[in-house]
Amino acid sequence: MKILAMSLAFLTLLASGPTARAADGDAGRGEEIYQRCVACHALAQNRVGPRHCGLFGRKAGTVKGYQYSAAMKKYAVTWDDAALDHFIENPLKVVPGTKMGYAGIKDPQERADLIAYLKKATSDPKTCD
Amino acid sequence: MSDNDLNPRRSFLSGFGKFTLSASAIALLAGNEKLALVSEASAQTANNDVTILNSALGAEQQAIAAYQLGAESGLLQKPVLDLAVQFQGHHKQHADVLAKAVAKLGGKPVTPLKDYSFPKDKLKAQADVLAFAASLEKGAVSAYLGAVPILTDRELAKAAASILGDEAMHWAILRQALGQNPVPDAFMS
């Protein structure tokens, strides 16, 4: 277990590198990380969670035809890099009462990669009409 | 459904029975020190358990619908079709257990969506259906993986881990059927 924890920590170090900042996301890796979201989300359709197309610049809790929790409707944020980074780290804590029952992504580099992917994918006219 | 299918499920449910006892004993028996402190914080974490289980239930319902679509698509051939039906049966059992657990925690189990708007136009061959199913299985495994350490009740965490194992097997088999490396990594993420 200790070895596992150490090697994971080491891998994290390798992955982020001393100078890489979380802001430099790799959309390619982000696409793989997005696989963690697809049990509940799709880009173009509302499923268990709301569609992600058009996410950036949209106010939280405002996709038409999706039944949000009261907490998400009240969450006064417009989705951008920083807001997503904050929310995805620990959704249940950031928006108490949200119905997104997901633990979150703790690794800042993974979040940056995911956000880089989301930025492209949620505005891609081929998937999002 | 055979007896073989039902028996493990019964023991699964009895696991939840035990949980109910310890949960309802919170104030009375003070059998569990952590839960006995009925504070706002613990009420919030119990709520989180409901939220997590309800989201998982939603994902299971979606998987059931996806396998239904796959089975009815006419795109799946025999050995694969049987597997898909079997996997769907597992998801039904998961959904059953999750709905009961949510109810026992005092929550309201979510109901399936009327329409998941699956990308039917993109499902044109057996491989498309399998890849789609694999992506849902992988996503569900990730969600359960995140849930295990944050579910406050250890019996529920165990149940989530048990479901995770089953769905990881589905994922591997689907990848195998797709001609992909069935177990590409030493760790799930």
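A word on the nonpolar core. Core analysis: the largest hydrophobic core is formed by 31 residues, its most contacted members being A:Y34, A:M72, A:Y75, A:W79, A:F87, A:V95 and A:L114. Among the elements of the structure, α2 (27-33), α3 (70-74), α4 (81-89) and α6 (108-121) of chain A are those that each provide at least two residues to this core. For this core, the element with the highest residue contribution is α6(A), accounting for five residues. Membership of the second largest hydrophobic core comes to 26 residues, among which are A:V48, B:L57, B:V102 and B:Y144.

Helix packing for two helices is described by the angle between their axes and how far apart those axes are. Residues and elements named next belong to chain B. Contact geometry for helix α5 (residues 78-104) and helix α7 (residues 154-177): axes closest at 11 Å, N-to-C directions at 165°. If you check the angle between α5 and α7, you find them roughly antiparallel. For the crossing formed where α5 meets α7, the hand is left-handed. Contacts between α5 and α7 pair L83, F87, H90, H91, H94, L98 and A101 from the former with L156, I163, D166, E167, H170, I173 and L174 from the latter.

A separate point is the interface of chain B and chain A. Listed per partner, the contact involves 26 residues of chain B and 18 residues of chain A. Carbon and sulfur atoms make up 61% of the surface buried where chain B meets chain A, a total of about 1,700 Å² over both sides. Along the contact surface separating chain B from chain A lie zero salt bridges. Between chain B and chain A we count five residue pairs in polar contact (both at pLDDT 80 or more) in total. With eleven residues, the single largest contributor to the side of chain B that touches chain A is helix α6 (residues 126-150) of chain B. Here the side of chain B that touches chain A is composed, by residue class, of 13 nonpolar, twelve polar and one charged.

What follows concerns the state of the cysteines. A covalent bond between the sulfur atoms of two cysteines is referred to as a disulfide. All names here are of chain A. Taken as a whole and assessed by the stated rule, the structure comprises one disulfide over all chains. This cysteine, C37, is not joined by any disulfide, and C40 carries the nearest cysteine sulfur, 8.8 Å off. For C37, a relative accessible area of 15% corresponds to the buried category. A residue is classified by how much of its surface remains accessible, and C40, at 18% relative accessible area, is buried.

The rules behind these values
- Residues numbered from 1 in each chain as written.
- Chains lettered and ligands numbered in written order.
- Predicted model: local features only at pLDDT ≥ 70, side-chain atom pairs only at ≥ 80, totals over all residues.
- Heavy atoms only, no water.
- Core = buried A, V, L, I, M, F, W, Y, C linked by side-chain atoms within 4.5 Å.
- Buried < 20%, exposed > 50% of the residue type's maximum accessible area, 1.4 Å probe, protein only.
- Helix = DSSP H or I, 4+ residues; strand = E, 2+ residues; numbered from the N terminus.
- Axes fitted to C-alpha atoms, helices over the stretch in contact; angles between N-to-C directions.
- Parallel < 35°, antiparallel > 145°, perpendicular 65-115°, else oblique.
- Left-handed = near helix turned anticlockwise from the far one by under 90°.
- Contact = heavy atoms within 4.5 Å.
- Buried area = accessible area lost by both parts, 1.4 Å probe.
- Salt bridge = Lys/Arg side-chain N within 4 Å of Asp/Glu carboxyl O.
- Polar contact = N/O pair within 3.5 Å; in protein donor to acceptor, adjacent residues only side chain to side chain.
- Nonpolar A, V, L, I, M, F, W, Y, C, P; charged D, E, K, R; others polar.
- Disulfide = S-S within 2.5 Å.

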